[in-house]
Amino acid sequence: MTVEQKTQITQMIKETKVEPVANVDFEVSVGIEVPRHKIRLHRLRARIVKIVPAYET
C-alpha cells in the first residue's frame, strides 16, 4: 500500500462516526482473539475497497 493510499484510508476512517472501545481489558496484539462482546464490527466502506481491492474479502 502506498503512502497516499494509507493517508486516504486513514482520512475515511476518521470521517466515519465509530464509537471507540472505552474499556480495553484485554491484550491487544497480533494473534490475540478480541472478545466479540467488547467490540462492534463495521463493514469497510466501498471507497476503501476501491482503493485496495484486496480488502474486499
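Preceding block: the structure.
The following paragraphs examine the structure supplied in this document. By convention here, each chain's residues receive numbers from 1 onward along its written sequence. Under the rules for a predicted model, residues below a pLDDT of 70 receive no local features and side-chain atom pairs below 80 are neither given nor counted, while totals for whole chains, interfaces and linings still include all residues. With hydrogens and water set aside, each side-chain value is computed from the structure's full complement of heavy atoms.

### Let's talk about the pattern of salt bridges
Going by this rule: Take a side-chain nitrogen of Lys or Arg and a carboxyl oxygen of Asp or Glu: if they are within 4 Å of each other, that pair is a salt bridge. Secondary structure follows DSSP: runs of H or I at least 4 residues long count as helices, runs of E at least 2 residues long count as strands, and numbering of each begins at the N terminus. Burial classes follow relative accessibility: with a 1.4 Å probe on protein chains only, a residue under 20% of its type's maximum area counts as buried, one over 50% as exposed, and anything between as partly exposed.
Under the defined criterion, the tally for this structure stands at two salt bridges. Glu 15 is the partner of Arg 45 in a salt bridge, and the nearest nitrogen-oxygen pair spans 3.9 Å. A residue pair is termed long-range when its members are at least 10 positions apart, and Arg 45 in the loop between α1 (3–15) and α2 (46–51) and Glu 15 in helix α1 qualify at 30 residues. The residue Arg 47 makes a salt bridge to Glu 15 at a minimum N-O spacing of 3.7 Å. With Arg 47 in helix α2 and Glu 15 in helix α1, this pair connects stretches of sequence that are 32 residues apart. Exposure remark for Arg 47: the relative accessible area of 43% places this residue in the partly exposed category. The exposure class of Glu 15 is partly exposed, given its relative accessible area of 39%. Counted as one network, the salt bridges with shared partners bring together Glu 15, Arg 45 and Arg 47.

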